[in-house]
Amino acid sequence: RSEKLPEKPEYAGRLAAETEKLVAQFKVAEVEKTAGAEFDARRASYEARARELYVADRAKYVTPEQVSASHILFETKTRPKEEAEKLAREALAKVKAGADFNKLAREVSEDRSVKANGGQLGWFTRPEMDPAFADAAFALKQPGDLSAPVLSSFGWHLIRLEGRRPPAQKPFEEVRDQLMAEQRERYVNDQREAHVARLRNEKRAIGRDRLG
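Just so you know, these numbers come straight off a predicted model, no measurement behind them.

S.K.: Help me out: how do you make sense of the overall build of the protein chain in this one?
M.R.: The number of helices and strands found in the protein chain is 7 helices and 6 strands. Relative to the globule expectation of 17 Å for 212 residues, the C-alpha radius of gyration of the protein chain, 30 Å, shows a markedly less compact shape. When contacts within the protein chain are restricted to residue pairs at least 6 apart in sequence, long-range pairs at least 24 apart make up 70% of them. Summed over all atoms, the accessible surface of the protein chain reaches about 14100 Å², with 52% contributed by carbon and sulfur.

In structure tokens, the structure reads:
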């Protein structure tokens with residue numbers, strides 16, 4: 001500034017344009033803030049609308065089927081697939097002969113989390129797992145059922161089913177915050193877009209007046 005750089009023609013126009021952009025961003029932030037406050041002030045009516053949306057599309061708010069399983073993994077990154085499959089079949093034979101599955105997992109599984117969890121993966125849905133692994137796990141029927149060795153992108157697995165949860169409808173109270181947040185975001189976006197559209201129309205009108 002002491003060298004009066006902002007006043008030089010090659011910089012003045014750019015500075016003015018950047019300032020206009022920044023002021024426009026300030027205005028948009030104010031519009032969004034005001035819109036959010038308006039929504040919050042009418043929260044009760046929007047909660048009623050949230051309940052209507054929930055009732056109209058209950059299928060959207062269903063917890064999918066889940067299973068809980070344990071596994072033993074033999075990786076194929078460091079050995080041929082045939083060798084890993086052989087190790088998996090040997091482990092399966094030991095389990096069928098009475099070996100404790102989770103104890104054996106701690107001894108031989110190459111899943112890096114096995115020391116902490118004994119091969120137990122907890123509850124999961126199909127999309128959360130490798131497709132081949134998920135198909136094998138969800139095909140098991142009763143807790144304690146064992147899969148044949150199954151090849152996934154990680155290696156060969158043995159899988160034992162621990163439990164199964166059917167699909168379940170989420171209560172409105174569980175999804176209310178999600179529905180309210182979606183409505184709030186939509187309201188704020190609509191208000192912002194309406195404001196921007198008004199500014200564009202005003203700018204066009206000014207341009208026509210100048211041309212006229």
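S.K.: Explain the nonpolar core here, please?
M.R.: Here is a general trend for soluble globular proteins: nonpolar side chains tend to be buried in one another's company. Core analysis: the biggest nonpolar cluster contains 13 residues, and Ile72, Phe74, Ala91, Phe101, Leu104 and Leu158 have the highest contact counts within it. Per-element tally for this core: the top contributor is helix H3 (residues 81-96), with 5 residues. With residues up to four places along the chain from it excluded, the contact list for phenylalanine 74 reads Arg79, Ala84, Leu87, Ala88, Ala91, Val108, Glu110, Gly155 and Trp156.

S.K.: Is there a simple way to think about the side chain of histidine 157 in this case?
M.R.: With respect to the secondary-structure elements, histidine 157 resides in strand E5 (residues 155-165). Classification of histidine 157 by relative accessible area gives buried; the value is 3%. Not counting residues up to four positions away in its chain, the partners in contact with histidine 157 are His71, Ile72, Leu73, Phe133, Ser147, Ala148, Pro149, Val150 and Ser152.

S.K.: Can you help me understand the packing of aromatic side chains in this one?
M.R.: How two aromatic rings sit relative to each other is set out by the distance from centre to centre and by the angle between their planes. Within the structure shown, the criterion is met by 7 aromatic pairs. With 6.2 Å between their ring centres and 50° between their planes, phenylalanine 39 and tyrosine 187 make a pair best called tilted. Within this pair, whereas phenylalanine 39 is found in helix H1 (residues 9-41), its partner tyrosine 187 is found in helix H7 (residues 172-211), the two being separated by 148 residues in sequence. Exposure class is identical for phenylalanine 39 and tyrosine 187. Each is buried. For the pair phenylalanine 124 and phenylalanine 133, a centre-to-centre distance of 6.2 Å together with 55° between the ring planes defines the contact as tilted. The pair phenylalanine 124 / phenylalanine 133 is uniform in exposure class, with both members buried.

S.K.: Sorry if this is basic, but what is going on with helix H6 (residues 131-139) here?
M.R.: Structural remark: α-helix, 3.6 residues per turn; residues separated by three or four positions point the same way. Phe133, Ala134, Ala136, Ala137 and Phe138 are the residues of H6 that are buried. The inward-facing, buried residues of H6 abut strand E2 (66-75), strand E3 (120-124), strand E4 (150-151) and E5. The opening residue of H6 is aspartate 130, an N-cap whose side-chain oxygen sits 3.0 Å from the backbone nitrogen of alanine 132.

So, how was this worked out
- Residues numbered from 1 in each chain as written.
- Predicted model: local features only at pLDDT ≥ 70, side-chain atom pairs only at ≥ 80, totals over all residues.
- Heavy atoms only, no water.
- Helix = DSSP H or I, 4+ residues; strand = E, 2+ residues; numbered from the N terminus.
- Rg over C-alpha atoms; globule rule 2.2 N^0.38 Å.
- Contact = heavy atoms within 4.5 Å.
- Areas by Shrake-Rupley, 256 points an atom, 1.4 Å probe, with all protein chains shown as cover.
- Core = buried A, V, L, I, M, F, W, Y, C linked by side-chain atoms within 4.5 Å.
- Buried < 20%, exposed > 50% of the residue type's maximum accessible area, 1.4 Å probe, protein only.
- Phe/Tyr/Trp six-rings, centres within 6.5 Å; stacked < 30°, edge-to-face > 60°.
- Polar contact = N/O pair within 3.5 Å; in protein donor to acceptor, adjacent residues only side chain to side chain.

Everything listed here is a matter of coordinates, which is why it stays silent on function.
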